[in-house]
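Residue-level listing of the chains:
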Amino acid sequence: MLYAMSDLHGCFDQYQRMLREIEFSSHDTLYVLGDVIDRGPDGIRILQDMNGRPNVFPILGNHELTAAVCLPWLMEEVTDQSLDTLDKAQIAALSEWITNGGGPTLRSLKLLSQEEREDILEYFREMELYIEVEVNGRSFILLHTVPEHFSPNQPLDSYELKDFLFGRPNLNMTYFPDKILVLGHTPTRLLWGQDKIFRTGNLIDIDCGCVFKGGCLGCLCLDTMEEFYVSK
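So, here's what we can say about the structure. (Residues numbered from 1 in each chain as written. Predicted model: local features only at pLDDT ≥ 70, side-chain atom pairs only at ≥ 80, totals over all residues. Heavy atoms only, no water.)

## Here's the deal with the packing of aromatic side chains
Working step 1: Summed over all chains, the structure comprises 8 aromatic pairs.
Working step 2: Relative to Phe228, the ring of Tyr3 lies with its centre 6.2 Å away and its plane at 65 degrees, an arrangement referred to as edge-to-face. Pair noted here: Tyr3 is in strand S1 (residues 2–5) and Phe228 is in strand S10 (residues 227–231), with a separation of 225 residues, a long-range link.
Working step 3: Aromatic pair Phe12 and Tyr15: ring centres 6.2 Å apart, planes at 55 degrees, arrangement tilted. Placement of the pair is Phe12 and Tyr15 together in helix H1 (residues 12–21), with a separation of 3 residues, close to one helical turn. Across this residue pair, the class does not change: Phe12 and Tyr15 are buried.
Working step 4: One aromatic cluster is present, built from ring pairs that chain together Tyr130, Tyr159 and Phe164.
Working step 5: The ring of Phe12 carries Arg45 above its face, with NZ or CZ at 3.8 Å from the centroid. (Phe/Tyr/Trp six-rings, centres within 6.5 Å; stacked < 30°, edge-to-face > 60°. Helix = DSSP H or I, 4+ residues; strand = E, 2+ residues; numbered from the N terminus. Buried < 20%, exposed > 50% of the residue type's maximum accessible area, 1.4 Å probe, protein only. Lys NZ or Arg CZ within 6 Å of the ring centre and 35° of its normal.)

Given below as structure tokens:
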């Protein structure tokens, strides 16, 4: 079976419970649509678990990009002393990261060895911007969010990196008439007031706000279109 989940935001317990809920095995495939880290406490722990599973495929989210921008100059030693040597551009990037919930991730990185931090950075660099799959006659595009500056005649591989990370879905637009777009980034409660997977036309939002009060982790089986949920 093929599954998709998104926006774990450091919720390791929900992630593990979801794997048990769907009875995830070596015969299955899981796509994680970005924003594994930040806000919650255990994003790095989730990344390390994902990285150890050959059948789990990560897609880059905006939180991973922000961390990847900061990590190269925080690689040697993440300490209070190293933070004192940053230039203005680095301080601005770090401030943005922390403002958007990066504190728990930064604290976790400080506990890692140099080799472990290098593994995390390499994992970020290997993340895809989107993945296309065919399942039971249905075509899916899996990505963190809808392409910003979307044009129906523009090939996906011609967009800029940041176009895949920050856009919000236009519910009146049919992005790909012959493909189902599966995304996260925008909590579904903002689209229809519920922390449940949101479907409209050929667009499916699976970010059920697991890190927020009242939210949950959602998972979609692409083979059956069945929905699974794990709450806090």
